[in-house]
Structure formats: structure tokens, C-alpha cells
Amino acid sequence: MLISETTVEVRYAETDQMGVVYHANYLVWMELGRTSFIKELGYSYAKMEEDGIISPVIDIQASYKKAMRYGEKATVKTWVEEYDGFRVKYGYEILNEEGELAVTGFSVHVCVKKENFRPVSLKRLYPDWHESYLEASKKED
């Protein structure tokens, strides 16, 4: 299974009055991880959007384990948890500099036509991308 790693430096603007990362910013970091994962496979959301296809989030979840603070570096690990040709479920782990788990989560996406939000098959429109997801999601025994 391919696991992409993206480093994020915690910026002051991402913290709250308690000095910890505001919870919604972890969702932004998940997006950074997902985009990096896709680039690592050799594909691009931007190219997909040029083709009139978008990939909205239909479900997202985050579990907070340990606070992160301004000045720390986070590592966002991203992988394909499940994929069926229409839906893709990305898994995430966000670790602090000590390698401790700060957040776990997932997001589920579908591909749709931008003009009418009708679902489309990634397998049909982007067969190479489809094959890459199948390969990337294989669990190692």
C-alpha cells in the first residue's frame, strides 16, 4: 500500500486562544496530504477540473489524540483505504515531530460532472488513475 507523507509547519494563524491547532485546520492538512498523494501517483486535481470533473467530499471524520502547537512540524500520512471505481476513501494519520499520533481520520470522495453534480466513473474516465488507485490500495501481507 502506498502511503504518502507531507510535512506541514504549524503557523500561528492556525492556532486558537489556547495556543493549539484549531480543529478545522486538520481537515485542511488532510487536503494537503490528499493532493500530495495524487501528485505522487502522477495525477492532478487541477487537470481533472479542467476536464469539468470535480471530486467533492461526501463524508469526513477526524479523531483528535494529541494537541499540536505553533512552531511544530506535522507529518500527514495519506493512503487509499477503500476504492470501488466510484468512491475513494482516503485514510490519514497526522503525527507530531516526535512521531506521536495527533489525529486520525478519513475522507470519502466521488467524482461528479461540475455542471450538474452527476456521478461519473473514475474507472471509465481515467482508466490509468483507476489502475493506480487499485495498485496503491493493495494491502501488504
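The preceding data block contains the structure.
A brief look at the structure comes next. Since the model is a prediction, treat every value here as computed from it, not as a measurement.

## What about the overall build of the protein chain?
Here is step 1 of the chain: Looking only at helices and strands, one finds four helices and seven strands in the protein chain.
Here is step 2 of the chain: Its helices and strands in sequence order give the protein chain the pattern β-α-α-β-β-β-β-β-β-α-α, from N to C terminus.
Here is step 3 of the chain: Whereas a compact globule of 141 residues would reach a radius of gyration of roughly 14 Å, the protein chain reaches 16 Å, a difference of no more than 12%.
Here is step 4 of the chain: Across the 141 residues in the protein chain, those meeting the buried criterion constitute 41%.
Here is step 5 of the chain: For the protein chain, restricting intrachain contacts to residue pairs at least 6 apart in sequence, the fraction spanning at least 24 positions comes to 67%.
Here is step 6 of the chain: In the protein chain, 18 positive and 24 negative side-chain charges are present, and the distance between their average locations comes to 5 Å.

## Some words on the nonpolar core
Here is step 1 of the chain: Trp29, Met68, Tyr90 and Tyr133 are the most contacted members of the largest nonpolar core, which totals 30 residues.
Here is step 2 of the chain: Listing elements by their share of this core, those giving two or more residues are helix H1 (23-41), helix H2 (45-50), strand E4 (73-83), strand E5 (87-95), strand E6 (101-113) and helix H4 (127-136).
Here is step 3 of the chain: Among the elements that take part in this core, H1 stands out by supplying six residues, more than any other.
Here is step 4 of the chain: Non-local contacts of Tyr133, meaning those with residues more than four positions away in its chain, are made with Phe37, Ile38, Leu41, Val80, Tyr83, Val88, Tyr90 and Leu122.

## A closer look at a nonpolar patch on the surface
Here is step 1 of the chain: Nonpolar side chains collect at one region of the surface, where Leu27, Val57 and Ile60 lie side by side and expose about 200 Å² of accessible area between them.
Here is step 2 of the chain: Inspection of the secondary structure assignment puts Leu27 in helix H1.

## Some words on the side chain of Ser107
Here is step 1 of the chain: Looking at the secondary structure, you find Ser107 in strand E6.
Here is step 2 of the chain: Residue classification places Ser107 among the buried positions, given a relative accessible area of 0%.
Here is step 3 of the chain: A distance of 2.8 Å separates a polar atom in the side chain of Ser107 from a polar atom in the side chain of His109.
Here is step 4 of the chain: Apart from residues lying up to four places away in sequence, Ser107 is in contact with Arg34, Asp59, Ile60, Val88, Lys89, Tyr90 and Tyr92.

## So, the packing of aromatic side chains
Aromatic ring pairs are described here by two measures, namely the spacing of the ring centres and the angle between the planes.
Here is step 1 of the chain: On inspection of all chains with the given rule, the structure shows ten aromatic pairs.
Here is step 2 of the chain: With a centroid separation of 5.3 Å and 90° between ring planes, the pair formed by Tyr83 and Tyr133 is classed as edge-to-face. With Tyr83 in strand E4 and Tyr133 in helix H4, this residue pair connects regions lying 50 residues apart in the sequence. Side by side, Tyr83 and Tyr133 carry an identical accessibility label, which is buried.
Here is step 3 of the chain: Each member of the aromatic cluster is reached from another via a ring pair, and the members are Phe37, Tyr43, Tyr83, Tyr90, Tyr126, Trp129 and Tyr133.
Here is step 4 of the chain: Just above the ring of Tyr90 sits the side chain of Arg34; from NZ or CZ to the centre is 6.0 Å.
Here is step 5 of the chain: Directly above the ring of Phe106 sits Lys89, whose terminal nitrogen or CZ lies 4.3 Å from the centroid.

## Quick word on the side chain of Ser121
Here is step 1 of the chain: Structurally, Ser121 is set in the loop between strand E7 (119-120) and helix H3 (122-125).
Here is step 2 of the chain: With a relative accessible area of 13%, Ser121 lands in the buried category.
Here is step 3 of the chain: From its side chain, Ser121 meets the backbone nitrogen of Lys123 in a polar contact 3.2 Å long.
Here is step 4 of the chain: With residues near it in sequence (within four places) discarded, Ser121 still touches Gly85 and Phe86.

Calculation notes
Residues numbered from 1 in each chain as written. Predicted model: local features only at pLDDT ≥ 70, side-chain atom pairs only at ≥ 80, totals over all residues. Heavy atoms only, no water. Helix = DSSP H or I, 4+ residues; strand = E, 2+ residues; numbered from the N terminus. Rg over C-alpha atoms; globule rule 2.2 N^0.38 Å. Buried < 20%, exposed > 50% of the residue type's maximum accessible area, 1.4 Å probe, protein only. Contact = heavy atoms within 4.5 Å. Lys, Arg positive; Asp, Glu negative; His and termini not counted. Charge placed at Lys NZ, Arg CZ, Asp CG, Glu CD. Core = buried A, V, L, I, M, F, W, Y, C linked by side-chain atoms within 4.5 Å. Patch = residues over 30% accessible without salt bridge, like charges linked within 9 Å, V, L, I, M, F, W, Y side chains within 5 Å. Areas by Shrake-Rupley, 256 points an atom, 1.4 Å probe, with all protein chains shown as cover. Salt bridge = Lys/Arg side-chain N within 4 Å of Asp/Glu carboxyl O. Polar contact = N/O pair within 3.5 Å; in protein donor to acceptor, adjacent residues only side chain to side chain. Phe/Tyr/Trp six-rings, centres within 6.5 Å; stacked < 30°, edge-to-face > 60°. Lys NZ or Arg CZ within 6 Å of the ring centre and 35° of its normal.

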